[in-house]
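Coordinates in review
Spelled out, the chains give:
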Amino acid sequence: MEPKYLRDETTNEEEINPHSFIDPVVGIQMVKDMRDAFVEVDPDNKDYYEKRASDYLDRLGDIEKEYAARLGELPEENKVLVTSECAFQYMLDRYDMKEACIWKVDTEENGSPVQITSLLKFIEKEIVPLLFLESNVDPRPMETVSNESGVDIFGKPIYSDEIGKPGDEVDTYVKYLKYNINVISEGLGQQ
Ligand SMILES: [Zn+2]
């Protein structure tokens, strides 16, 4: 699978987008790679690794079908995800959705006036039904965007860089993937 790149037009910085795991298809590939790596270094336990991987891949396969179905059924004009950081590129490209965000590359400058203005210009041109706020970011830049544009922030956070602490609602990768598809389809499906 090919990496995707992020370029920040305001600073001209470019880097590989590290958030590939947000796309369940990439998650599936990662599990296969891990299985193969374990088998290579510990071939005596090949059956064990293959069984564990196969069970997990079944679960991820079901989730991937859910992503395809639920994102596919969103109204065409609602297929746009607006978040603080451009973390969702792999998943959104996969399911033919548009992406907009305040900052592309994580720097000290997250949420600068130039970045906020640039997102506001996008919202003026495009139909944006809803804004999403990640669980781990400073909410103030997105709150400014919401106040200036009049577009609401969805009532539940979306998860990007982190999962929850043990015992939280979103404390495993499987729960993370399921939680996000629920939030996205709930938010964009009802608009
Ligand atoms: Zn990130």
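Residues numbered from 1 in each chain as written. Predicted model: local features only at pLDDT ≥ 70, side-chain atom pairs only at ≥ 80, totals over all residues. Heavy atoms only, no water.

Applicable threshold: UniProt positions are given in the numbering used here, feature names are shortened, and annotations may be inferred rather than shown by experiment.
In the annotation of an unreviewed UniProt entry, the entry for the protein chain reads Zinc ABC transporter substrate-binding protein, and the organism field reads Allobacillus salarius. Turning to the protein chain, the UniProt annotation filed under Sequence similarities (unreviewed entry) states: "Belongs to the bacterial solute-binding protein 9 family." In UniProt, the protein chain has this text filed under Subcellular location (unreviewed entry): "Cell envelope".

**Considering the environment of D23**
Heads up, the rule is: Secondary structure elements follow DSSP: runs of H or I of four or more residues count as helices, runs of E of two or more count as strands, with numbering from the N terminus. Partly exposed describes any residue whose relative accessible area lies between the buried limit of under 20% and the exposed limit of over 50%, with all areas from a 1.4 Å probe on protein chains only and scaled to the type maximum. Throughout, a residue-residue contact means that at least one pair of heavy atoms, one from each residue, lies within 4.5 Å.
Here D23 shows up in the loop between β2 (14-16) and α1 (24-41). A residue is classified by how much of its surface remains accessible, and D23, at 1% relative accessible area, is buried. On a C-alpha basis, the gap between D23 and L92 in space is 8.0 Å, while along the polypeptide they are 69 residues apart. When near neighbours in sequence (up to four residues on either side) are disregarded, D23 contacts Y90, M91, R94, Y95 and Y173.

**Structural notes on the coordination of the zinc ion**
Put simply, the ideal angle at a metal is 109.5 degrees for four donors in tetrahedral geometry and 90 or 180 degrees for six donors in octahedral geometry. What counts, and what does not: Ligating atoms shown are N, O and S within 2.8 Å of the metal, or 3.2 Å for Na, K and Ca, and water is not included, meaning a site may look less than complete.
Protein coordination at the zinc ion: the donors are H19 (NE2), E85 (OE), E85 (OE), D161 (OD) and D161 (OD), at 2.1 to 2.6 Å from the metal. Written as a sequence motif, the donor residues of the zinc ion are H-x65-E-x75-D. Of this pair, H19 sits in the loop between β2 and α1 while D161 sits in the loop between α5 (140-149) and α6 (173-189), placing them 142 residues apart in sequence. For D161, a relative accessible area of 36% translates into the label partly exposed.

**Some words on the packing of aromatic side chains**
For any pair of aromatic rings, the description consists of the separation of the ring centres together with the inter-plane angle of the planes. Rules: Side-chain rings of Phe, Tyr and Trp, where Trp is taken by its six-membered ring, are said to pair if the distance between their centres is within 6.5 Å; with planes under 30 degrees apart they count as stacked, over 60 as edge-to-face, and otherwise as tilted.
Under the defined criterion, the tally for this structure stands at seven aromatic pairs. Between F21 and Y176 the ring centres are 6.3 Å apart and the planes differ by 45 degrees, which places this aromatic pair in the tilted class. With F21 in the loop between β2 and α1 and Y176 in helix α6, the pair connects residues that are 155 residues apart, well separated along the chain. In this structure F21 comes out as partly exposed when scored by relative accessible area, which is 23%. What makes Y176 buried here is its relative accessible area of 1%. On the numbers, 5.5 Å between centres and 70 degrees between planes, the contact of Y48 with Y49 is edge-to-face. The partly exposed category is assigned to Y48, whose relative accessible area is 45%.

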